[in-house]
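# Residue-level structure breakdown
Here are the chains, one letter per residue:
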Amino acid sequence: MVRRLGEIGEKKLLEWIVKRLGEADGALLPPGDDAVDFPFKGRLIISCDMLAEKTDIPAGMSLRSVGYKAITAATSDVAAKGGKPIAYLISLMLPPDMTEKEFEDLWRGFEEAAKLYGGKILGGDLDSGDQIVIDVTCIGRAEKIISRLGARPGDILAVTGEFGAQAAGLHALLNDVKDDPLVEKLIQSFERPVARVAEAIALAESAAITSSIDSSDGLAESLYQLSDVNDVGFVIENPPVSEDAVRYAEKFGVDLFDLVFYGGEEYELVVTLKPKMLSDAVEAVRKAGGRLIVIGRVTEDKVIKVRWLGEEKLLERRGYEHFKP
């Protein structure tokens, strides 16, 4: 028998959720109370990220992946500042016609990602509406904090992964491209990105890093945000191109440059580093289980240039922006 949330009701749904909530070590308030508490000494980093069905959930994406990605998105911003997640608060707006199984799949996605990053889901809020809206607050602990501010001319520009695969996966979902092993791999990349928590902490501890941002808005936009706050420019001599994105672009006639720079959804770190400490940074990230790819350098001129197919071109600032058509 298929049961929908409108039949189950808020009270029963909350009972189910509360039974699955974690509890911080040393907490005085029990799960399901009006607020959550935990003893803490140090520095907190807090970030929230909202995901709405009409703008952020493409058709064909599983609800378990939606839950996983919602947690990852909030985690990525905390990770980019050098934080390790310790707690999550999840506020949900859900349509009454969502089935019980769909809700449980969504929640298991939350739990899967929270377990991956080491944080506990402690509470949140619940409401009904005409679409799925998820707001995740990630609370992290930091020993050393990394800011967007700090890049200087001469610094090395690096990233923690290649770009384009996630954008190709989204393109495949939006265009209903199916029955292809490459496409299946790319969709998996889009639906299951990984926030670079360990890599960021390792970079913070190495003291080599001068600025950091995550790439969820796209590589181009991330670079422009670093450029704005630091009043610098960049030269990208080694674009971090995914080979899977190359294959997809060739097979389906998609612009590879756009996939790499304007796709977004990668959740990689985009960082600047002290040149004399580059080897220290590379080794620190390697020991953390990741990799650091040098893609260019910071310049004094406030422009962003890319070496692409043997030619140098200016990187335009464009991409999706909320509230604009």
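Residues numbered from 1 in each chain as written. Predicted model: local features only at pLDDT ≥ 70, side-chain atom pairs only at ≥ 80, totals over all residues. Heavy atoms only, no water.

## Focus on the overall build of the protein
Helix and strand counts for the protein stand at twelve helices and eleven strands. For 325 residues, the compact-globule estimate of 2.2 N^0.38 gives 20 Å, and the C-alpha radius of gyration of the protein, at 21 Å, lies within 12% of that figure. In terms of its C-alpha atoms, the protein occupies a principal-axis envelope of roughly 60 × 50 × 35 Å. Every one of the 325 residues in the protein was classed for burial, and the buried ones make up 51%. Taking all contacts inside the protein whose residues are at least 6 apart in sequence as the whole, residues at least 24 apart take part in 85%. Just so you have it, the protein exposes about 16,000 Å², and 50% of that area is on carbon and sulfur atoms. Each charge class in the protein can be summarised by its mean position, and for the 40 positive and 55 negative side chains these summaries are 5 Å apart. (Helix = DSSP H or I, 4+ residues; strand = E, 2+ residues; numbered from the N terminus. Rg over C-alpha atoms; globule rule 2.2 N^0.38 Å. Buried < 20%, exposed > 50% of the residue type's maximum accessible area, 1.4 Å probe, protein only. Contact = heavy atoms within 4.5 Å. Areas by Shrake-Rupley, 256 points an atom, 1.4 Å probe, with all protein chains shown as cover. Lys, Arg positive; Asp, Glu negative; His and termini not counted. Charge placed at Lys NZ, Arg CZ, Asp CG, Glu CD.)

## Digging into the packing of helix α7 (residues 181-191) against helix α10 (residues 243-252)
For the pair α7 and α10, interaxial distance at closest approach is 11 Å and the crossing angle is 130 degrees. Taken together, the axes of α7 and α10 are oblique relative to one another. The handedness of the crossing between α7 and α10 comes out as left-handed. When α7 is examined against α10, the residues L182, V183, K185 and L186 are found in contact with a partner set consisting of D244, R247, Y248 and F252. Split by residue class, the contact of α7 with α10 holds five nonpolar, no polar and three charged. (Axes fitted to C-alpha atoms, helices over the stretch in contact; angles between N-to-C directions. Parallel < 35°, antiparallel > 145°, perpendicular 65-115°, else oblique. Left-handed = near helix turned anticlockwise from the far one by under 90°. Nonpolar A, V, L, I, M, F, W, Y, C, P; charged D, E, K, R; others polar.)

## Some remarks on unusual backbone geometry
Leaving glycine out, the prevailing phi sign among residues is negative, and the prevailing peptide bond configuration is trans. The residue A207 is not glycine, and still its phi comes out positive at about 70 degrees. Using a relative accessible area of 37% as the deciding quantity, one classes A207 as partly exposed. Of note, the phi angle at E265 is positive, near 75 degrees, even though the residue is not glycine. Topologically, E265 is positioned in the loop between α11 (256-262) and β8 (269-273).

## Overview of the layout of surface pockets
For the second largest pocket, the calculated volume is near 400 Å³. For the second largest pocket, the lining is made up of 27 residues, of which L21, G32, D33, G123 and G124 are closest to its centre. Elements that contribute at least two residues to the lining of the second largest pocket include exactly α2 (10-20), β2 (84-94) and β3 (120-128). With five residues, β3 is the largest single contributor of residues to the lining of the second largest pocket. Per-class residue counts for the lining of the second largest pocket are 17 nonpolar, four polar and six charged. (1 Å grid on protein atoms, 1.4 Å probe; cavity = no way out; pocket = protein on both sides within 12 Å on 5 of 7 lines; lining within 4 Å. Points joined across faces, edges and corners; volume = space filled by probe spheres on them.)

## Observations concerning the sheet that holds strand β7 (residues 233-236)
Strand order across the open sheet formed by seven strands is β6-β8-β5-β9-β7-β10-β11, with mixed pairing between neighbours. Each having just a single partner strand, β6 (209-214) and β11 (311-314) make up the two edges of the open sheet. Between one strand axis and the next, the sheet turns through 25 degrees on average, direction left out of account. Note that strand β5 (residues 156-159) and β8 share four bridges and pair antiparallel. Bridge pairing links A158 to V271 in β8. (Pairing = 2+ DSSP bridges.)

## Looking at the sheet that holds β2
An order of β1-β4-β2-β3 is seen for the four strands of this open sheet, with the pairing classed as mixed. The open sheet has two edge strands with one neighbour each: β1 (43-52) and β3. When strand polarity is set aside, the average angle formed by the axes of neighbouring strands in this sheet is 15 degrees. The sheet contact formed by β2 and β3 spans eight bridges and is parallel. Across the sheet, M93 pairs through a bridge with D127, a residue of β3.

## What to know about the nonpolar core
One finds L92, L94, F103, F110, I134 and Y248 to be the most contacted residues of the largest nonpolar core, which totals 53 residues. The leading source of residues in this core is helix α4 (residues 63-80), at eight residues. Excluding residues that lie within four positions of it along the chain, L94 makes contacts with L5, F103, L106, L126, D127, S128, G129, Q131 and I132. (Core = buried A, V, L, I, M, F, W, Y, C linked by side-chain atoms within 4.5 Å.)

## Examining the side chain of T72
For T72, the position within the fold is in helix α4. T72 has contacts with A113, Y117, P193, V194, A195 and Y267, leaving out every residue within four places of it along the chain.

## Quick word on the packing of α2 against helix α5 (residues 100-117)
One can describe the packing of α2 onto α5 by two numbers: an axis separation of 12 Å at closest approach and a directional angle of 25 degrees. What the angle tells us is that α2 and α5 run roughly parallel. Helix-helix and strand crossings are classified by hand; for α2 and α5 the assignment is right-handed. Here L13, W16, I17 and R20 of α2 lie close against α5, whose contacting residues are F103, E104, W107, R108 and E111. Its residues placed into classes, the contact of α2 with α5 shows five nonpolar, no polar and four charged.

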